[in-house]
Amino acid sequence: MAYTVQRLADYSEAALESAAGECIRACEGEAAAVRDEADLKDFRNRWLGRKNGILTQINDQWLKDAPKEAKREAGIRVNELKARINELVEAKKVGGDESGASAAERVDISLPGLHRPIGAEHPVVKTTNELVRIFQKLGYSVAEGPVIETDYYNFEALNFPPNHPARDTQDTLFIAGQQVKPPRERLLLRTHTSPVQIRTMEKMPPPLRIVIPGTVHRNDPPDASHSPMFHQIEGLCVDTNITFGDLKGTLDHAMKEFFGSSVKTSFRPSFFPFTEPSAEMYVSCFICGGSGRRGSDPCRPCKQTGWIEILGCGMVDPNVFEFVKDSGYDPKRVSGFAFGMGADRIALLKYGVDDIQLFFQGDVRFLRQWA
Ligand code: DAH
(Lines give C-alpha, C1' and ligand atoms only; values in the text may rest on other atoms or scores of the structure.)
Protein backbone atom coordinates (compact mmCIF):
# COMPACT_ATOMS: atom_id res chain seq x y z
CA MET A 1 0.00 0.00 0.00
CA ALA A 2 1.35 3.39 -0.94
CA TYR A 3 2.17 5.72 1.91
CA THR A 4 -0.45 8.32 2.84
CA VAL A 5 -0.24 11.07 5.43
CA GLN A 6 -2.37 10.24 8.48
CA ARG A 7 -3.56 12.73 11.04
CA LEU A 8 -1.72 12.35 14.32
CA ALA A 9 -3.77 11.00 17.18
CA ASP A 10 -1.41 12.39 19.76
CA TYR A 11 1.62 14.66 19.68
CA SER A 12 3.77 12.83 22.19
CA GLU A 13 7.45 12.50 21.35
CA ALA A 14 7.06 8.79 20.70
CA ALA A 15 4.12 9.30 18.35
CA LEU A 16 5.96 12.00 16.38
CA GLU A 17 9.06 9.79 16.23
CA SER A 18 7.17 6.84 14.85
CA ALA A 19 5.15 8.88 12.31
CA ALA A 20 8.33 10.56 11.01
CA GLY A 21 10.14 7.20 10.84
CA GLU A 22 7.32 5.65 8.85
CA CYS A 23 7.35 8.57 6.42
CA ILE A 24 11.12 8.41 5.84
CA ARG A 25 11.09 4.66 5.29
CA ALA A 26 8.31 5.06 2.73
CA CYS A 27 10.28 7.74 0.91
CA GLU A 28 13.44 5.57 0.89
CA GLY A 29 11.44 2.66 -0.49
CA GLU A 30 9.95 4.73 -3.28
CA ALA A 31 13.33 6.30 -4.10
CA ALA A 32 14.82 2.83 -4.61
CA ALA A 33 12.05 1.97 -7.06
CA VAL A 34 12.73 4.95 -9.37
CA ARG A 35 13.92 3.57 -12.74
CA ASP A 36 13.68 6.29 -15.36
CA GLU A 37 13.09 9.99 -15.92
CA ALA A 38 9.34 9.56 -15.83
CA ASP A 39 9.51 7.75 -12.46
CA LEU A 40 11.77 10.46 -11.13
CA LYS A 41 9.33 13.16 -12.15
CA ASP A 42 6.43 11.39 -10.45
CA PHE A 43 8.51 10.71 -7.36
CA ARG A 44 9.51 14.39 -7.02
CA ASN A 45 5.99 15.51 -7.56
CA ARG A 46 4.50 13.10 -5.08
CA TRP A 47 6.87 14.18 -2.32
CA LEU A 48 7.75 17.81 -3.09
CA GLY A 49 4.80 18.98 -5.22
CA ARG A 50 3.80 22.42 -3.94
CA LYS A 51 0.07 21.95 -4.09
CA ASN A 52 -0.50 18.48 -2.73
CA GLY A 53 2.89 16.88 -2.25
CA ILE A 54 3.41 14.78 0.87
CA LEU A 55 5.51 17.47 2.54
CA THR A 56 2.76 20.00 1.96
CA GLN A 57 0.21 17.61 3.43
CA ILE A 58 2.39 17.01 6.49
CA ASN A 59 2.66 20.73 6.95
CA ASP A 60 -1.08 21.12 6.76
CA GLN A 61 -2.17 18.09 8.76
CA TRP A 62 0.48 17.66 11.42
CA LEU A 63 1.47 21.23 12.10
CA LYS A 64 -1.71 23.16 11.70
CA ASP A 65 -3.69 20.69 13.83
CA ALA A 66 -1.09 20.53 16.59
CA PRO A 67 -2.30 21.63 20.04
CA LYS A 68 -0.67 24.85 21.19
CA GLU A 69 1.73 23.28 23.70
CA ALA A 70 2.99 20.70 21.15
CA LYS A 71 3.44 23.18 18.24
CA ARG A 72 7.10 23.93 18.92
CA GLU A 73 8.22 20.31 19.27
CA ALA A 74 6.17 19.25 16.23
CA GLY A 75 7.64 22.15 14.22
CA ILE A 76 11.21 21.04 14.92
CA ARG A 77 10.36 17.43 14.00
CA VAL A 78 8.63 18.36 10.79
CA ASN A 79 11.57 20.55 9.75
CA GLU A 80 13.99 17.66 10.27
CA LEU A 81 11.74 15.40 8.32
CA LYS A 82 11.49 17.89 5.46
CA ALA A 83 15.26 18.23 5.26
CA ARG A 84 15.67 14.46 5.11
CA ILE A 85 13.01 13.98 2.43
CA ASN A 86 14.49 16.80 0.36
CA GLU A 87 17.87 15.10 0.59
CA LEU A 88 16.44 11.80 -0.55
CA VAL A 89 14.68 13.34 -3.54
CA GLU A 90 17.58 15.56 -4.61
CA ALA A 91 20.09 12.70 -4.35
CA LYS A 92 18.02 10.57 -6.65
CA LYS A 93 19.42 10.40 -10.19
CA VAL A 94 18.28 8.23 -13.01
CA GLY A 95 20.45 6.00 -15.22
CA GLY A 96 23.72 7.51 -14.02
CA ASP A 97 26.80 6.78 -16.15
CA GLU A 98 30.22 6.06 -14.56
CA SER A 99 30.61 9.73 -13.65
CA GLY A 100 27.24 9.69 -11.96
CA ALA A 101 25.70 12.06 -14.54
CA SER A 102 22.12 11.41 -15.60
CA ALA A 103 21.06 11.22 -19.23
CA ALA A 104 19.79 14.77 -18.96
CA GLU A 105 23.08 16.03 -17.62
CA ARG A 106 25.36 14.28 -20.10
CA VAL A 107 26.85 16.62 -22.72
CA ASP A 108 26.15 15.86 -26.34
CA ILE A 109 29.40 16.92 -28.00
CA SER A 110 27.92 16.52 -31.47
CA LEU A 111 25.64 19.54 -30.96
CA PRO A 112 26.76 22.82 -32.56
CA GLY A 113 28.35 25.16 -30.00
CA LEU A 114 26.89 28.44 -28.78
CA HIS A 115 27.95 31.29 -31.07
CA ARG A 116 29.09 34.28 -29.07
CA PRO A 117 29.91 37.22 -31.35
CA ILE A 118 32.83 39.18 -29.92
CA GLY A 119 32.46 42.47 -31.77
CA ALA A 120 35.19 44.40 -33.53
CA GLU A 121 37.09 47.65 -33.17
CA HIS A 122 35.24 50.66 -34.52
CA PRO A 123 37.09 52.03 -37.58
CA VAL A 124 37.85 55.31 -35.76
CA VAL A 125 39.20 53.44 -32.73
CA LYS A 126 41.21 51.18 -35.01
CA THR A 127 42.72 54.15 -36.84
CA THR A 128 43.48 55.88 -33.53
CA ASN A 129 45.12 52.79 -32.08
CA GLU A 130 47.26 52.27 -35.18
CA LEU A 131 48.50 55.87 -35.13
CA VAL A 132 49.08 55.89 -31.37
CA ARG A 133 51.07 52.67 -31.72
CA ILE A 134 53.33 54.24 -34.37
CA PHE A 135 54.24 57.06 -31.97
CA GLN A 136 54.63 54.67 -29.04
CA LYS A 137 57.25 52.85 -31.08
CA LEU A 138 59.10 56.18 -31.35
CA GLY A 139 59.13 56.46 -27.55
CA TYR A 140 55.99 58.57 -27.06
CA SER A 141 53.69 57.88 -24.08
CA VAL A 142 49.92 58.24 -24.15
CA ALA A 143 48.35 61.18 -22.26
CA GLU A 144 44.67 61.96 -21.85
CA GLY A 145 42.59 64.80 -20.45
CA PRO A 146 39.00 65.90 -19.76
CA VAL A 147 36.45 66.50 -22.52
CA ILE A 148 34.82 69.26 -20.45
CA GLU A 149 37.60 71.81 -20.23
CA THR A 150 38.18 75.29 -18.88
CA ASP A 151 38.68 78.36 -21.03
CA TYR A 152 42.20 78.55 -19.60
CA TYR A 153 43.40 75.17 -20.93
CA ASN A 154 41.43 75.19 -24.18
CA PHE A 155 42.40 78.75 -25.12
CA GLU A 156 44.34 81.04 -22.84
CA ALA A 157 47.37 78.87 -22.05
CA LEU A 158 47.54 77.93 -25.74
CA ASN A 159 48.15 81.58 -26.54
CA PHE A 160 44.61 82.48 -27.59
CA PRO A 161 44.22 85.70 -25.52
CA PRO A 162 40.69 86.64 -24.39
CA ASN A 163 38.71 88.07 -27.33
CA HIS A 164 41.40 87.07 -29.84
CA PRO A 165 39.83 86.43 -33.27
CA ALA A 166 41.57 83.02 -33.51
CA ARG A 167 39.01 81.78 -30.96
CA ASP A 168 36.30 82.21 -33.60
CA THR A 169 37.85 79.49 -35.75
CA GLN A 170 37.10 76.94 -33.05
CA ASP A 171 33.24 77.04 -33.15
CA THR A 172 33.10 76.39 -29.45
CA LEU A 173 30.21 74.80 -27.56
CA PHE A 174 30.10 76.55 -24.18
CA ILE A 175 28.55 75.11 -21.03
CA ALA A 176 25.61 77.25 -19.90
CA GLY A 177 25.52 79.35 -16.73
CA GLN A 178 29.28 80.02 -16.44
CA GLN A 179 29.12 83.82 -16.42
CA VAL A 180 29.40 83.99 -12.64
CA LYS A 181 32.91 82.51 -12.82
CA PRO A 182 36.14 84.33 -13.70
CA PRO A 183 36.68 84.03 -17.51
CA ARG A 184 39.51 81.47 -17.36
CA GLU A 185 37.51 79.06 -15.19
CA ARG A 186 34.46 78.96 -17.46
CA LEU A 187 33.67 75.50 -18.80
CA LEU A 188 33.30 74.45 -22.42
CA LEU A 189 33.55 71.28 -24.49
CA ARG A 190 37.17 71.11 -25.61
CA THR A 191 37.47 71.96 -29.28
CA HIS A 192 40.80 70.19 -29.70
CA THR A 193 43.10 67.83 -27.77
CA SER A 194 45.75 70.60 -27.46
CA PRO A 195 44.77 71.51 -23.84
CA VAL A 196 46.25 68.16 -22.78
CA GLN A 197 49.64 69.55 -23.88
CA ILE A 198 49.41 72.12 -21.08
CA ARG A 199 47.94 69.72 -18.53
CA THR A 200 50.75 67.23 -19.15
CA MET A 201 53.55 69.79 -19.09
CA GLU A 202 52.22 71.03 -15.73
CA LYS A 203 52.69 67.51 -14.35
CA MET A 204 55.82 66.27 -16.11
CA PRO A 205 59.11 68.10 -16.61
CA PRO A 206 60.97 68.01 -19.96
CA PRO A 207 62.09 66.06 -21.94
CA LEU A 208 58.56 65.06 -22.98
CA ARG A 209 57.13 63.00 -25.82
CA ILE A 210 53.40 62.40 -25.66
CA VAL A 211 50.61 61.36 -27.99
CA ILE A 212 47.07 62.39 -27.01
CA PRO A 213 44.02 60.63 -28.46
CA GLY A 214 40.57 61.96 -27.56
CA THR A 215 37.08 63.19 -28.31
CA VAL A 216 36.46 66.84 -29.16
CA HIS A 217 33.35 68.91 -29.98
CA ARG A 218 32.55 71.85 -32.24
CA ASN A 219 29.41 73.70 -33.16
CA ASP A 220 29.37 72.28 -36.70
CA PRO A 221 26.08 71.08 -38.16
CA PRO A 222 26.36 67.43 -39.17
CA ASP A 223 26.94 66.68 -42.86
CA ALA A 224 28.99 64.19 -44.87
CA SER A 225 32.31 65.61 -43.65
CA HIS A 226 31.37 67.34 -40.35
CA SER A 227 30.17 66.08 -37.00
CA PRO A 228 29.70 68.10 -33.79
CA MET A 229 31.64 65.32 -32.06
CA PHE A 230 34.81 63.92 -33.56
CA HIS A 231 38.25 62.62 -32.59
CA GLN A 232 41.78 63.95 -32.65
CA ILE A 233 45.25 62.64 -32.13
CA GLU A 234 47.67 65.22 -30.81
CA GLY A 235 51.41 64.99 -30.35
CA LEU A 236 53.97 66.97 -28.40
CA CYS A 237 57.71 66.63 -28.22
CA VAL A 238 59.79 68.93 -26.00
CA ASP A 239 63.51 68.79 -25.30
CA THR A 240 66.56 70.98 -25.73
CA ASN A 241 67.42 71.71 -29.39
CA ILE A 242 64.27 70.30 -31.02
CA THR A 243 64.07 71.71 -34.56
CA PHE A 244 61.64 71.84 -37.45
CA GLY A 245 63.78 69.09 -38.99
CA ASP A 246 62.79 66.79 -36.09
CA LEU A 247 59.13 67.62 -36.73
CA LYS A 248 59.40 66.82 -40.44
CA GLY A 249 61.38 63.62 -39.91
CA THR A 250 58.97 62.35 -37.23
CA LEU A 251 55.79 63.06 -39.15
CA ASP A 252 57.17 61.83 -42.48
CA HIS A 253 58.11 58.54 -40.83
CA ALA A 254 54.69 58.23 -39.13
CA MET A 255 52.84 58.79 -42.42
CA LYS A 256 54.96 56.21 -44.24
CA GLU A 257 54.24 53.72 -41.46
CA PHE A 258 50.53 54.41 -41.61
CA PHE A 259 49.78 54.86 -45.32
CA GLY A 260 52.66 52.89 -46.84
CA SER A 261 56.29 53.68 -47.62
CA SER A 262 55.56 55.27 -51.00
CA VAL A 263 53.68 58.32 -49.64
CA LYS A 264 55.45 61.68 -49.65
CA THR A 265 54.80 64.56 -47.27
CA SER A 266 54.62 68.29 -47.95
CA PHE A 267 54.58 71.12 -45.41
CA ARG A 268 52.81 74.40 -46.20
CA PRO A 269 52.73 77.53 -44.05
CA SER A 270 49.72 78.05 -41.81
CA PHE A 271 48.72 79.71 -38.56
CA PHE A 272 47.93 78.37 -35.10
CA PRO A 273 48.25 80.59 -32.02
CA PHE A 274 50.22 77.93 -30.12
CA THR A 275 52.87 77.20 -32.75
CA GLU A 276 55.35 79.45 -34.54
CA PRO A 277 56.06 78.73 -37.31
CA SER A 278 52.94 76.67 -38.10
CA ALA A 279 52.27 74.37 -41.01
CA GLU A 280 49.71 72.12 -42.58
CA MET A 281 51.05 68.78 -43.62
CA TYR A 282 49.84 67.07 -46.78
CA VAL A 283 50.50 63.51 -47.89
CA SER A 284 50.68 62.53 -51.54
CA CYS A 285 47.32 61.02 -52.45
CA PHE A 286 47.50 57.32 -51.59
CA ILE A 287 44.44 56.68 -53.75
CA CYS A 288 45.68 58.03 -57.11
CA GLY A 289 49.38 57.83 -56.25
CA GLY A 290 49.69 61.61 -56.57
CA SER A 291 48.60 61.86 -60.21
CA GLY A 292 45.24 63.47 -59.44
CA ARG A 293 43.53 61.05 -61.81
CA ARG A 294 42.10 57.56 -61.64
CA GLY A 295 42.29 56.27 -65.17
CA SER A 296 40.32 58.77 -67.21
CA ASP A 297 38.37 60.03 -64.12
CA PRO A 298 39.40 62.81 -61.75
CA CYS A 299 40.52 61.61 -58.28
CA ARG A 300 37.87 62.86 -55.84
CA PRO A 301 39.55 62.44 -52.41
CA CYS A 302 42.47 64.73 -53.39
CA LYS A 303 40.30 66.97 -55.61
CA GLN A 304 42.67 66.21 -58.48
CA THR A 305 45.58 67.91 -56.69
CA GLY A 306 47.49 64.73 -55.88
CA TRP A 307 47.78 65.89 -52.22
CA ILE A 308 45.58 65.37 -49.14
CA GLU A 309 45.72 67.62 -46.07
CA ILE A 310 46.25 65.46 -43.01
CA LEU A 311 47.23 67.59 -40.03
CA GLY A 312 48.28 70.87 -38.44
CA CYS A 313 51.66 71.23 -36.80
CA GLY A 314 54.41 73.60 -35.84
CA MET A 315 57.10 74.58 -33.37
CA VAL A 316 55.68 75.24 -29.91
CA ASP A 317 55.31 79.03 -29.48
CA PRO A 318 57.55 80.30 -26.63
CA ASN A 319 54.46 82.09 -25.28
CA VAL A 320 52.98 78.64 -24.53
CA PHE A 321 56.05 77.62 -22.54
CA GLU A 322 55.65 80.83 -20.50
CA PHE A 323 52.43 79.36 -19.05
CA VAL A 324 54.29 76.25 -17.79
CA LYS A 325 57.62 77.91 -17.03
CA ASP A 326 57.35 77.00 -13.34
CA SER A 327 57.09 73.31 -14.25
CA GLY A 328 60.53 73.39 -15.88
CA TYR A 329 59.71 74.67 -19.38
CA ASP A 330 61.95 77.72 -19.67
CA PRO A 331 61.36 79.03 -23.22
CA LYS A 332 65.03 80.07 -23.40
CA ARG A 333 66.18 76.52 -22.71
CA VAL A 334 63.64 74.16 -24.30
CA SER A 335 62.03 73.92 -27.72
CA GLY A 336 59.49 71.54 -29.16
CA PHE A 337 57.07 70.66 -31.89
CA ALA A 338 53.40 69.73 -31.81
CA PHE A 339 50.86 68.35 -34.22
CA GLY A 340 47.18 67.50 -34.29
CA MET A 341 45.10 65.43 -36.69
CA GLY A 342 41.50 64.29 -37.07
CA ALA A 343 41.18 60.55 -36.55
CA ASP A 344 37.75 60.39 -38.19
CA ARG A 345 38.94 62.19 -41.32
CA ILE A 346 41.91 59.86 -41.64
CA ALA A 347 39.64 56.82 -41.15
CA LEU A 348 37.29 58.17 -43.86
CA LEU A 349 40.20 58.50 -46.29
CA LYS A 350 41.86 55.22 -45.39
CA TYR A 351 38.71 53.12 -45.68
CA GLY A 352 37.08 55.06 -48.52
CA VAL A 353 33.97 55.93 -46.49
CA ASP A 354 32.07 58.87 -47.99
CA ASP A 355 29.98 60.02 -45.00
CA ILE A 356 31.33 60.69 -41.49
CA GLN A 357 27.80 60.23 -40.06
CA LEU A 358 28.11 56.51 -40.73
CA PHE A 359 30.76 56.34 -37.99
CA PHE A 360 28.33 57.53 -35.32
CA GLN A 361 24.99 56.00 -36.29
CA GLY A 362 25.78 52.58 -34.83
CA ASP A 363 24.38 50.66 -37.81
CA VAL A 364 25.79 47.15 -37.46
CA ARG A 365 25.50 46.52 -41.21
CA PHE A 366 28.11 49.26 -41.66
CA LEU A 367 30.25 48.38 -38.63
CA ARG A 368 30.33 44.66 -39.43
CA GLN A 369 32.65 45.44 -42.35
CA TRP A 370 35.50 45.84 -39.85
CA ALA A 371 34.75 42.59 -38.02
N1 DAH B 1 44.51 72.02 -32.35
C2 DAH B 1 44.48 72.21 -33.79
C3 DAH B 1 43.05 72.14 -34.27
O4 DAH B 1 42.27 71.45 -33.70
C5 DAH B 1 45.33 71.19 -34.48
C6 DAH B 1 46.76 71.39 -34.20
C7 DAH B 1 47.52 72.20 -35.02
C8 DAH B 1 47.36 70.82 -33.09
C9 DAH B 1 48.86 72.44 -34.78
C10 DAH B 1 48.71 71.04 -32.83
C11 DAH B 1 49.44 71.87 -33.69
O12 DAH B 1 49.33 70.53 -31.77
O13 DAH B 1 50.74 72.08 -33.43
O14 DAH B 1 42.71 72.78 -35.22
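Just so you know, these numbers come straight off a predicted model, no measurement behind them.

Looking at the side chain of Asn-154
Working step 1: Inspection of the secondary structure puts Asn-154 in helix α6 (residues 151-154).
Working step 2: Among the polar contacts made by the side chain of Asn-154, one reaches the main-chain amide nitrogen of Thr-191 at a distance of 3.1 Å.
Working step 3: The residues contacting Asn-154, other than those within four sequence positions of it, are Glu-149, Phe-160, Leu-188, Arg-190, Thr-191, His-192 and Pro-195.

Quick word on the nonpolar core
Working step 1: Core analysis: the biggest nonpolar cluster contains 43 residues, and Leu-251, Met-255, Ile-310, Leu-311 and Met-341 have the highest contact counts within it.
Working step 2: Here this core gets six residues from one element, more than from any other, and that element is helix α8 (residues 244-259).
Working step 3: In contact with Met-255, not counting residues within four places along its chain, are Gly-260, Val-263, Thr-265, Met-281, Val-283, Ile-310, Leu-311 and Met-341.
Working step 4: If you look at the next biggest cluster of nonpolar residues, it comprises 28 residues, including Val-5, Ala-19, Ala-20 and Cys-27.

A look at the packing of aromatic side chains
Working step 1: Tallying each qualifying case throughout the model produces 17 aromatic pairs.
Working step 2: Between Phe-259 and Phe-286 the ring centres are 4.3 Å apart and the planes differ by 15 degrees, which places this aromatic pair in the stacked class. One end of the pair, Phe-259, is in helix α8; the other, Phe-286, is in the loop between β7 (275-284) and β8 (293-294), and 27 residues separate them in sequence.
Working step 3: Take Phe-286: its relative accessible area is 24%, and that puts it in the partly exposed class.
Working step 4: Each residue in the set Tyr-351, Phe-359, Phe-360, Phe-366 and Trp-370 is aromatic and connected to the rest through ring pairs, giving one cluster.
Working step 5: Geometry around Tyr-282 places Arg-268 over its ring, the cationic atom sitting 3.9 Å from the centre.

Comments concerning the site of the ligand
Working step 1: The immediate surroundings of the ligand are formed by 15 residues, with His-192, Ser-194, Arg-218, Gln-232 and Glu-234 found nearest.
Working step 2: Residue His-192 places a side-chain N or O atom 2.9 Å away from a nitrogen atom belonging to the ligand.
Working step 3: Contact between the ligand and Ser-194: a nitrogen atom at 3.0 Å from a side-chain N or O atom of the residue.
Working step 4: At the level of elements, β5 (229-239), β10 (307-316) and β11 (335-342) are the ones that each hand at least two residues to the shell around the ligand.
Working step 5: Broken down by class, the residue content of the shell around the ligand amounts to five nonpolar, eight polar and two charged.

Thoughts on the pairing of β7
Working step 1: Burial analysis of β7 places seven of its ten residues in the buried class, the great majority of the element.
Working step 2: In sequence, strand β6 (residues 265-272) turns back onto β7 through a hairpin of two residues.
Working step 3: In the sheet, β7 pairs with β10 via eight bridges, with the strands oriented antiparallel. From the neighbouring strand, Ser-278 faces β10, where its bridge partner is Gly-314.

A word on the environment of Ser-291
Working step 1: Topologically, Ser-291 is positioned in the loop between β7 and β8.
Working step 2: Along the sequence, Ser-291 and Gly-306 sit 15 residues apart, while their C-alpha atoms lie 5.3 Å from each other.
Working step 3: At a separation of 3.1 Å, a polar atom in the side chain of Ser-291 contacts the main-chain carbonyl oxygen of Cys-288.
Working step 4: Within the structure, the side chain of Ser-291 is placed 3.0 Å from the backbone oxygen of Arg-293, a separation counted as a polar contact.

Calculation notes
- Residues numbered from 1 in each chain as written.
- Predicted model: local features only at pLDDT ≥ 70, side-chain atom pairs only at ≥ 80, totals over all residues.
- Heavy atoms only, no water.
- Helix = DSSP H or I, 4+ residues; strand = E, 2+ residues; numbered from the N terminus.
- Polar contact = N/O pair within 3.5 Å; in protein donor to acceptor, adjacent residues only side chain to side chain.
- Contact = heavy atoms within 4.5 Å.
- Core = buried A, V, L, I, M, F, W, Y, C linked by side-chain atoms within 4.5 Å.
- Buried < 20%, exposed > 50% of the residue type's maximum accessible area, 1.4 Å probe, protein only.
- Phe/Tyr/Trp six-rings, centres within 6.5 Å; stacked < 30°, edge-to-face > 60°.
- Lys NZ or Arg CZ within 6 Å of the ring centre and 35° of its normal.
- Near = heavy atom within 4 Å.
- Nonpolar A, V, L, I, M, F, W, Y, C, P; charged D, E, K, R; others polar.
- Pairing = 2+ DSSP bridges.

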